[in-house]
Amino acid sequence: QQQVKQSPQSLIVQKGGISIINCAYENTAFDYFPWYQQFPGKGPALLIAIRPDVSEKKEGRFTISFNKSAKQFSLHIMDSQPGDSATYFCAASRGGATNKLIFGTGTLLAVQP
Amino acid sequence: ETGVTQSPTHLIKTRGQQVTLRCSSQSGHNTVSWYQQALGQGPQFIFQYYREEENGRGNFPPRFSGLQFPNYSSELNVNALELDDSALYLCASSPARGGYTFGSGTRLTVV
């Protein structure tokens, strides 16, 4: 049973554009929602994370929007750059940042120059 | 900070064999988790260790086992390897409060 659904599977964006990746979750007990970036041959790297008591969090060009009632959250990458080309995973956990993460299936982002 | 280091980086094993993967956690991190990432998929939680005790387990059979040592380094052992065990195995460490730092993984191929 997939508890975190991620879309789209792949995304092509022009340099300078906005990349948007969406996730939906089922378990209302989840209380930590991170986004990870993974380059080929590397492990996932934490980009930004949010807890359900806020609706938005911004760090540089990366923003998480969180809709608790809809059980959805999304990653927005502003001014997308070719160096942002990677696979992005949303995840969720119950009981905080150190507990097991349930990952989405990933979005392969390609930013064209 | 040295980050999370895993060894080996690549490994080829024959079906039925046993394998041990190793992980050195980031300095100051006392929790270690292992994940399996099949090609084109998100990581799947295998288990977590905190202060040398298993502290949670995902939906993996008992032939997947682990250890955490006093210095917080860890091992993942897989017995009776199956073809479907071919994947990237990721180790992640975290401090008492805070998010995971992942290593670059061990690519295991079972033939």
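Just above sits the structure.
Residues numbered from 1 in each chain as written. Chains lettered and ligands numbered in written order. Predicted model: local features only at pLDDT ≥ 70, side-chain atom pairs only at ≥ 80, totals over all residues. Heavy atoms only, no water.

A. Just the nonpolar core, in detail. Residue and element names in this part refer to chain A. Membership of the largest hydrophobic core comes to 25 residues, with the highest contact counts inside it found for Phe-33, Trp-35, Phe-73, Leu-75 and Tyr-88. If you list the elements that add at least two residues to this core, you get strand 2 (10–14), strand 3 (19–25), strand 4 (33–38), strand 5 (45–50), strand 7 (62–67), strand 8 (72–77), strand 9 (86–92) and strand 11 (107–112). When residues of this core are assigned to their parent elements, the largest contribution, four residues, is made by strand 9. In this view, Phe-33 contacts Tyr-25, Ile-48, Ala-49, Ile-50, Pro-52, Ile-64, Phe-66, Phe-73, Ala-91 and Ala-92; residues no more than four positions away in its chain are not counted. (Core = buried A, V, L, I, M, F, W, Y, C linked by side-chain atoms within 4.5 Å. Buried < 20%, exposed > 50% of the residue type's maximum accessible area, 1.4 Å probe, protein only. Helix = DSSP H or I, 4+ residues; strand = E, 2+ residues; numbered from the N terminus. Contact = heavy atoms within 4.5 Å.)

B. Representation of the state of the cysteines. Residues and elements named next belong to chain A. Applying the stated criterion to the full structure yields two disulfides over all chains. Disulfide partner of Cys-23: Cys-90, at an S-S distance of 1.8 Å. Because the torsion about its S-S bond is -90 degrees, the bridge between Cys-23 and Cys-90 counts as left-handed. Of this pair, Cys-23 sits in strand 3 while Cys-90 sits in strand 9; the two residues are 67 residues apart in sequence, bridging distant segments of the chain. Judged on exposure class, the residue Cys-23 and its partner Cys-90 are both buried. (Disulfide = S-S within 2.5 Å.)

C. Layout of the sheet that holds strand 3 (residues 19–24) of chain B. Residues and elements named next belong to chain B. Strand order in this open sheet of four strands is 1-3-8-7, and the pairing throughout is antiparallel. Strand pairing shows two members of the sheet lacking a second neighbour, strand 1 (5–7) and strand 7 (64–68), which therefore form its edges. On average, adjacent strands in this sheet sit at an angle of 20 degrees to one another, irrespective of strand direction. Bridging between strand 3 and strand 8 (residues 74–78) involves five bridges; their strand directions are antiparallel. Across the sheet, Arg-22 pairs through a bridge with Glu-75, a residue of strand 8. (Pairing = 2+ DSSP bridges. Axes fitted to C-alpha atoms, helices over the stretch in contact; angles between N-to-C directions.)

D. Expanded view of the interface of chain B and chain A. Across the boundary between the two partners, chain B contributes 20 residues, which contact 17 residues of chain A. Counting the surface lost from both chain B and chain A, the interface buries some 1300 Å², and carbon and sulfur atoms represent 56% of this. It is B:Pro43, B:Tyr100 and B:Phe102 that lose the most area in chain B upon contact with chain A, and together they represent 34% of the buried surface on that side. Summed over the shared surface of chain B and chain A, the number is zero salt bridges. For the pair chain B and chain A, the interface holds three residue pairs in polar contact (both at pLDDT 80 or more). The set of elements that each furnish at least two residues to the side of chain B that touches chain A consists of strand 4 (31–37), strand 5 (44–50) and strand 9 (87–94) of chain B. Along the lines of polarity and charge, the residues of the side of chain B that touches chain A split into nine nonpolar, ten polar and one charged. (Buried area = accessible area lost by both parts, 1.4 Å probe. Salt bridge = Lys/Arg side-chain N within 4 Å of Asp/Glu carboxyl O. Polar contact = N/O pair within 3.5 Å; in protein donor to acceptor, adjacent residues only side chain to side chain. Nonpolar A, V, L, I, M, F, W, Y, C, P; charged D, E, K, R; others polar.)

E. Region of interest: the side chain of A:Asp84. Tracing the backbone through its elements, the reader meets A:Asp84 in the loop between strand 8 and strand 9. Excluding residues that lie within four positions of it along the chain, A:Asp84 makes contacts with A:Gln37, A:Arg61, A:Phe62, A:Ile77, A:Asp79, A:Leu109 and A:Val111.

F. Summary view of the pairing of strand 11 (residues 106–110) of chain B. All names here are of chain B. Where burial is concerned, the two faces of strand 11 differ: the one with Thr-106, Leu-108 and Val-110 is buried and the one with Arg-107 and Thr-109 is not. Here strand 2 (residues 10–13) runs beside strand 11; their pairing, made up of four bridges, is parallel. Bridge pairing in strand 11 places Lys-13 opposite Val-110. Here three bridges tie strand 9 to strand 11, and the two strands are oriented antiparallel to one another. Across the sheet, Ala-87 pairs through a bridge with Leu-108, a residue of strand 11.

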